[in-house]
Every structure is written in C-alpha cells, then in structure tokens.
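# Structural description and commentary
This is what each chain is made of:
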Amino acid sequence: MRVLAPLCLAGLFAGAGLRQAPPPPAPAGAAAAAKVLAAAREALGGDSRLSSVRNFVATGRTRQVRGDNLVPIEFEIACELPHKYVRTDEIPAQESGPTTTGFNGDDLIQLPPPAGPMPGRDGAPGRGPSPDQLEAMRRGRVAAIKQDFVRLTLGLFAGSFDTYPLTFSYVGQAEAPQGKADVIDAKGAGNFAVRLFINSETHLPIMVSWQGPGMPMRGMPGRGPAGPPMGPGSAPPAPGTPTSPPTAAPSGPGAATAPAPPAAGGPPPGAGVAAAAGRTGAPGIAPPGVEYRIYYADYRDVDGLHWPFRIRRATGPDTTEETTFDRFRINTKIDPKKFEVRK
C-alpha cells in the first residue's frame, strides 16, 4: 500500500544556490530574474545575513517510499560553503552502518567507498570497470551530488555558489489557487537545467522541478530524487550528463489557470502552481518525460534567516520522500574529518 499521498500534476520549474548569475543571452530575462531572486533573498533573511553563512549543519528525518514500504532514515548534512558538502544517512531498522556521500571540491566523499574491479585468478586484473571507466563514474557521481546540493540550497539561499554556478533567466508567472508564482529558468554545467518557482507575494521559494528519463535515484546523474540514498547498495552511475527539461512557452498572468485546490491529503502548498505552469498537452510544451519535483515548506526563523523545515520530493504523480528538519546550526564548529576524501 502506498503510504504517502500522490501528487497528481505535471509541470516544469528551475533551481540555484547563492551568487549573482552572469548575464545570459537575453539581458531582459536576466535582469528580471535578478530582481525576483533579490526579493527572494530578502524574504529569506537578506543578502547580509545570507552572505555571512560560512557553514551549516542540519539534522532530521526522511521517510522514503521503497516499493510498498515506508523507510525511516535519520540524517545529518554538514556543509562548509561553497566547496564542501556531505550527507550521512542511517536507517535505524537495518543493521548496516551509516552511509555518507558528498564532495570536497571536485573530490568524491563516499563511505563505505565504492567497490573497485574484482581481481581475477592469481591476482590478475578482473573484468570490472577500467580505470578510465571508474574515473568517469566518480566524476558523474560528484556532478550528481553537486546538483542535489544545488536543489537543496535553492530553498535556503535563492542563488548559486561557485562550486556549481548557474545562469538565470525569467520565464513569466503562473496562476494557481494559492496565488501567482514567478518562474525562473536556471542552467549549469553540461545539460543541467531546472525551473524554480517563487511565490509572488511572500517571495519565498515554493518548488524546483526538472525532467528526466528512467527510474529515479537521489543524487544520480540524469535521474531524479527518489530511491535509496547513495551507499553500499547503490550501483555507481553510468557516465553521462544530466538531462534538461523540455522547453515551455513563457506564461504570463492569466495564461494558465490551475484546477481547483486539492482536497486534504493531496499535494502540498504550491502544487497548483506546478499544474498551472506546465500541463500535458499545453501549447508550446514538449511531450513530457518523467518529472521530478522538490517542494519547500514550513519556513521558520533560524538566527534571523527563514529556511524551510519540510521538503517533499515527487516523481511523476507520486510523493517519494518527505524530509523534516529538526534543527539548523549556522556558523558552527564542524569536524574536518567529515570532509576527508579517502582514495
């Protein structure tokens, strides 16, 4: 039995981290995006407070759908901006130890470490991946973790960091029962492309969305957020680049009208915006692949900042993860060993 409420919608959106974007080819779109992002950063606490964040540690719990089961996960995220990030997951119901994934610059942090090629007879080289293939897998994993870092920090900073810089352009507004949302495209290295929705009244990020094929697994290149956390049970990703969402025609006020508000147990606040932004068959929208979304909600005060304490991840019509943060600690002491890279 599916234990989380399905999210019945189809849409497109985009994401970022904390840095002014260089101007894209369309200066008007860049200027409009900068204005919306500036208002979002002000709502999140202001540029001064956001820029003063050197590091943060977040703890909480994730409930994750795996088949017919709802798996509880306890996690800790440690981040030294802008180049160090690590997430440790532990499943209390399992005897296996915690798994850790992250990056230190361009180096991969993964515990237990990924398995290398199995030796053949008498110590001869086995049939596993070649050194070049292993290096490509490592680079793909680092890129995927950085992209997940980008999607998380969207709701915290409404900008991008040097570790994975983005360019921004304004798309338009979407109508929904909850009100209007400003839509911003964000693009990064390779084919990374997402859409960010920001509430036009509160100026707080609502959600980020992107398109991709295949069954999702959080942190894997070209894949979405669902599935088990990366660890010893996760296969290394195949070399490749992330996929970008299909092109959508800009939506102006009144260009799209969302359906009636969902009943209790339906999508979280902002889901109507997603439906308004990109419905299957809407003019100017390419046939959708699999849509992945992250919703930000329950913004609370954290040392003068306003950060989301609840995050939902969805794939297609289904919620796949619900994350609740217990606490954020800002500019705290972090053990340097958390960011050690084991070769």
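Cut-offs used in this document
Residues numbered from 1 in each chain as written. Predicted model: local features only at pLDDT ≥ 70, side-chain atom pairs only at ≥ 80, totals over all residues. Heavy atoms only, no water. Helix = DSSP H or I, 4+ residues; strand = E, 2+ residues; numbered from the N terminus. Expected span 1.5 Å × (residues − 1). Buried < 20%, exposed > 50% of the residue type's maximum accessible area, 1.4 Å probe, protein only. pLDDT = per-residue confidence, 0-100. Contact = heavy atoms within 4.5 Å. Salt bridge = Lys/Arg side-chain N within 4 Å of Asp/Glu carboxyl O.

Glancing now at helix H3 (residues 131–157). The terminal C-alpha atoms of H3, which comprises 27 residues, lie 38 Å apart, in line with the 39 Å expected from a rise of 1.5 Å per residue. The element H3 is largely enclosed, with a buried count of 19 among its 27 residues. One or two residues past the end of H3 sits Ala 158, with phi positive at roughly 50°.

Right, let's talk about the confidence of the model for the protein chain for a bit. If pLDDT is low for a region, its predicted coordinates should not be looked at in detail. Across the protein chain, the average pLDDT comes to 76, with 65% of residues at 70 or higher. Counting contacts from residues 1–26, a segment whose pLDDT is below 50, to residues more than four positions away or on other chains yields 131 contacts. Below a pLDDT of 50 lies the segment residues 220–287, which in the model reaches 182 contacts outside its immediate sequence neighbourhood of four places, other chains included.

Turning to the pattern of salt bridges, a few remarks are in order. For the structure shown, the criterion picks out 16 salt bridges. Residue Asp 326 pairs with Arg 61 through a salt bridge whose shortest N-O separation is 2.7 Å. Residue Asp 326 is found in strand E12 (residues 318–330), and its partner Arg 61 is found in strand E1 (residues 55–66); the two are separated by 265 residues along the sequence. Here Arg 61 falls in the partly exposed class, since its relative accessible area comes to 40%. For Glu 135, the salt bridge identified is with Arg 138, shortest N-O distance 2.8 Å. Placement of both Glu 135 and Arg 138 in helix H3 is noted, with a separation of three residues, approximately one turn of the helix. Residue classification places Glu 135 among the partly exposed residues on the basis of a relative accessible area of 32%.

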